[in-house]
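If you want the building blocks of each chain, they are given just below.
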Amino acid sequence: MRKPKLQRSLQLLTSASLLYILLVGFEFPIVFRRITPPTTAAATAAASLPLHSQQEIQPKSAPIRPSIPAVRRSHASISSLDFRSDGRSALHGSARHAFDVGKRLLSELDDSAALAVEEGGNQTAEEACPHSIGLSGEEFGSRGKVIVLPCGLTLGSHLTVVGRPHPGHTEAEPRISAVKEGDRPVVVSQFMMELQGLRTVDGEDPPRILHFNPRLKGDWSGKPVLEQNTCYRMHWGPAQRCEGWKSRADEETVDGQLKCEKWIRDDDARSEESKTIWWLNRLIGRTKKVTVDWPFPFVEDKLFVLTLSAGLEGYHVNVDGRHVTSFPYRTGFVLEDATGLFLNGDIDVQSIYAGSLPTTHPSFAPQRYLNMSKEWQAPPLRDGPVDLFIGILSAGNHFAERMAVRKSWMRSKAIQSSRVVARFFVALHGRKDVNVELKKEAEFFGDIVIVPFMDSYDLVVLKTVAICEYGINEVSARYIMKCDDDTFVRVDSVLSEIKKVSPGSSVYVGNINYYHKPLRNGKWAVTYEEWPEEDYPPYANGPGYIVSSNIARFVVSDFEKHKLRLFKMEDVSMGMWVEQFNTTTPVKYIHSFKFCQFGCIEDYYTAHYQSPRQMICMWDKLKMGKPHCCNMR
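Per an unreviewed UniProt entry, the protein goes by Beta-1,3-galactosyltransferase 19 and derives from Acorus calamus. UniProt's Cofactor (unreviewed entry) comment on the protein is quoted here verbatim: "Mn(2+)". The record held by UniProt for the protein lists under Subcellular location (unreviewed entry) the comment "Golgi apparatus membrane".

Peer 1: Would you mind going over the overall build of the protein with me for this structure?
Peer 2: When its secondary structure is counted, the protein shows 16 helices and 23 strands. Classification of the 633 residues of the protein by burial places 46% in the buried group. The contacts in the protein between residues at least 6 apart in sequence include a share of 72% that link residues at least 24 apart. On the protein, roughly 33,300 Å² of surface is accessible, and the fraction owed to carbon and sulfur atoms is 55%.

Peer 1: What exactly am I supposed to notice about the packing of helix α4 (residues 90-110) against helix α11 (residues 432-445) here?
Peer 2: Helix-helix packing: each pair is described by the crossing angle between the helix axes and the interaxial distance. Contact geometry of α4 with α11 gives a least axis separation of 10 Å together with a crossing angle of 65 degrees. Crossing of α4 over α11 shows right-handed handedness. Residue-level inspection shows L105, E108, L109 and D110 of α4 in contact with α11, the latter providing K432, N435, V436 and K439. Along the lines of polarity and charge, the residues of the contact of α4 with α11 split into 3 nonpolar, 1 polar and 4 charged.

Peer 1: For this particular structure, what's the right way to read the nonpolar core?
Peer 2: Counting 105 residues, the largest nonpolar core has L388, I390, W409 and L462 as its most contacted members. For this core, the element with the most residues is helix α12 (residues 460-473), which contributes 9 residues. Dropping the residues within four chain positions of it, W409 is found in contact with I390, I392, I415, A422, C483, T487, F488, V489, V491, M615 and W619. With 40 residues, the next largest nonpolar core counts V161, M193, C260 and L341 among its residues.

Peer 1: Would you explain the pairing of strand β12 (residues 322-328) in this entry?
Peer 2: For a regular strand, side-chain orientation follows a simple rule: the groups alternate between the two sheet faces. Most of β12 is tucked away: 7 of the 7 residues are buried. When strand β11 (residues 314-319) meets β12, the two strands line up antiparallel, connected through 6 bridges. In the sheet register, H316 faces β12, and the bridge partner there is S326. Linking β11 to β12, which pair antiparallel, is a turn of 2 residues; within it D320 sits at a positive phi near 55 degrees.

Peer 1: I would appreciate a short explanation of the side chain of N229 in the present structure.
Peer 2: Take N229: it is sitting in strand β7 (residues 225-232). We classify N229 as buried; its relative accessible area is 6%. If we skip the residues at most four places from it in the chain, N229 touches I209, L210, H211, W236, G237, P238, A239, F327 and R330.

Peer 1: Can you walk me through the packing of aromatic side chains in this structure?
Peer 2: Both the distance between ring centres and the angle between the ring planes are used here to describe each pair of aromatic rings. Here the structure, examined in full by the defined rule, presents 22 aromatic pairs. Taking the centre distance of 5.6 Å and the plane angle of 70 degrees together, the rings of Y508 and Y589 count as edge-to-face. A residue pair is termed long-range when its members are at least 10 positions apart, and Y508 in strand β20 (residues 507-513) and Y589 in strand β22 (residues 588-591) qualify at 81 residues. Classification of Y508 as buried rests on a relative accessible area of 0%. On the numbers, 5.9 Å between centres and 70 degrees between planes, the contact of Y536 with F567 is edge-to-face. Placement of the pair is Y536 in the loop between β20 and β21 (539-548) and F567 in the loop between α14 (549-560) and α15 (570-582), with a sequence separation of 31 residues. Each member of the pair Y536 and F567 is classed as buried. The rings of F191, F212, W263, F296, F298 and F304 are connected pair by pair, giving a single aromatic cluster.

Peer 1: What is the right way to look at the sheet that holds strand β3 (residues 158-165) in this model?
Peer 2: Think of a sheet as strands paired side by side through backbone hydrogen bonds, with each pair either parallel or antiparallel. Strands sit in the order β1-β14-β3-β10-β11-β12 across an open sheet of 6 strands; the sheet is antiparallel. Every other strand in the sheet has two partners, leaving β1 (133-136) and β12 as the edge strands with one partner each. Strand-to-strand twist of the sheet, defined as the mean angle between neighbouring strand axes without regard to direction, takes the value 20 degrees. Pairing of strand β10 (residues 304-310) with β11, which is carried by 5 bridges, proceeds in the antiparallel orientation. If you follow T307 over to β11, its bridge partner there is N318.

Definitions and limits used
Residues numbered from 1 in each chain as written. Predicted model: local features only at pLDDT ≥ 70, side-chain atom pairs only at ≥ 80, totals over all residues. Heavy atoms only, no water. UniProt positions renumbered as here; feature names shortened; annotations may be inferred. Helix = DSSP H or I, 4+ residues; strand = E, 2+ residues; numbered from the N terminus. Buried < 20%, exposed > 50% of the residue type's maximum accessible area, 1.4 Å probe, protein only. Contact = heavy atoms within 4.5 Å. Areas by Shrake-Rupley, 256 points an atom, 1.4 Å probe, with all protein chains shown as cover. Axes fitted to C-alpha atoms, helices over the stretch in contact; angles between N-to-C directions. Left-handed = near helix turned anticlockwise from the far one by under 90°. Nonpolar A, V, L, I, M, F, W, Y, C, P; charged D, E, K, R; others polar. Core = buried A, V, L, I, M, F, W, Y, C linked by side-chain atoms within 4.5 Å. Pairing = 2+ DSSP bridges. Phe/Tyr/Trp six-rings, centres within 6.5 Å; stacked < 30°, edge-to-face > 60°.

Structure representation (C-alpha cells):
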C-alpha cells in the first residue's frame, strides 16, 4: 500500500519541478507580468542584438559608481553679468559703453538670418598674400612706419632694411635726461625694429614678437649695445644684450650661429705692446689663425643694410653682409603670427623689402584650429557642489589657445569626473564673424561663457567678476581659480594645495606680490585718483590664483550693490577686494612660486606664457608622470 503512495508523491514532485523549470526557462508573461516592468522597444531590440566582435564578449569590469551622480544640466553660454553703476570714473564710463555695444552685438548674433549669412560667407579658410613686399622710405612713413605682412613669416623669410641712424642728440625724456654725465646732459642715438602681431584684441598693445633695439649712444652702460627682447600681453621677457663680447663657448647657439658676435670696444685690453707682440708672432709664423675685429655695426649718419631672416631655431640679424646677432624663438607665437614690421626712433628709413613670404595664412580662420569632435566637449556637471571652479580668461579670436587647453590639462581626471569644472570667459569681439564663430564654438563644446560686453584690456576685471558669479551661482564651488588661456594648470597639484587648508577657512592662494608700487609715468601709468597710496595691497599674479567661495561671494555681492571698487588691473583688483574682505573676516594668504608668473619652472602648479604647442607637449609629459617644462624656441 505504501509503494503506490510513494510512487504518486514522486510523480507529483517531478511534475512540479518540470513545471517550475519551464516557467523559469521561458519566462511566461502570465507569471511575470506583475513583477517585471514592460520593456521599451529600443531596450528589447538592443537585448536581442547578437555580439559580433571579440571585444564585445570579453569580460568587463563594472564601472565605478560616483558618489554624486553626474547629470547634464543646461547652463546658458551668456553670462548674466550686467553693469549699471553710475560711477563717474573713466573706467566706469568705458564699462557702460562696452556693455551697450555688447548688447547690440548680442542682438545681431541672435538674428538667425544674419547668422545664416555669416555662415555662408565665412567658408574661405585661407587668404591670399603676396610672396614679397617692397616699400620706399616715403611710403613706409605714410603707412605709420609699419609694413604689414598679411600672412606673417615662414622658415626662410627675410626682411631687408636700408637706413641711416641719426647723429646723437640731447634726450628730452625726463627719466633719461635726469641722468647727467658730469655737467652735460645725456646724448642719445638709438632706434628700434619690432616684429609685431597685429591681430590682437581691441585695447591690447600688439605683442612684440621680436624687439631689436640698437643703442649707438644713451645706454646706461655708456657703451654701444644691441638689445633684443619680446613683449607678450604687456609683459617683457628677459633681455638679451650684446655688448661687444663674443658669446661664451659653452652657450647655446641658434642654428649654429652665435647669439652675440664680437666688435671693437674702447675698453679692450689690447695695448700697443700686445699689438706689437701679435704682429711679431704673425711674422715668425706662430699664429695660424687670423682674427678680425669689427666695429659696432651701426654708425651715426652712415647708411647701413640690415637683413633679418627667420631660421629653424630663431631670428638672425646681418648688417652690411656680416652676422651680428641671433635671437632664439620664445614662447607664445609662431612665425606666421609676425604680421607686421615696425621701425621707429633715431633713424631715416630709405627702403624696406620683405621676401620669401608665405602666400596663404589660414590661421585667423577658426576652421583651422577647432576640432569639432564630441571627444573635446565639456563633461556633464554634477548635481551638487564641486571642489574647484576654474575660470579661464580668453579673447574671442584665441581659437587655437582654447583648443590646446581642451586637448591638454582640461583632460585631467578631476575635470572629466566633474569634481572640478573649467570654463572659458570671453567678451565680444569687434568683428562680427569672430563673434559668430565664437557662439558656434560655445554651443558645441559647452565650455564657453560669453560675457556681454565689448572686449577691452582695461575691462578684464569684469571677466574676473563674472568668474566669481559663475563659480558661486552656477556650480556652487568651494574654491574659485582664475587663470589665462596661455596658462597650463596641474589640476591635481592645485587640488592637493587647497586640501591643506582647514575646511571653512578664507584663503587667497597664488604667487603673491608684497609692497608693489604703481607706475606713475608712461603708457600704463596709474594716477593718484585711481590709486592714491604708494603701495598696492598684497595681490597674487594674474596667470593663476585661487580664492575661497566666501571671498568670491563677497565680490559678487558688492558688485550687485554697486559698491565694488573696479581697477583696470584685474589681479591688483582682486588683491584690493581680498584686503577689504580681510577687515571683517580673517584671510589666510598662501604664497607659492610654483604659480609661475613668467614661463615655467620644474614641478610647477601653473605655467604661464605657454603656446598651444607647448600645452600639448606639457600634457604629454604630465601623463607620463613627469611635470616638466617644454621650452620650445
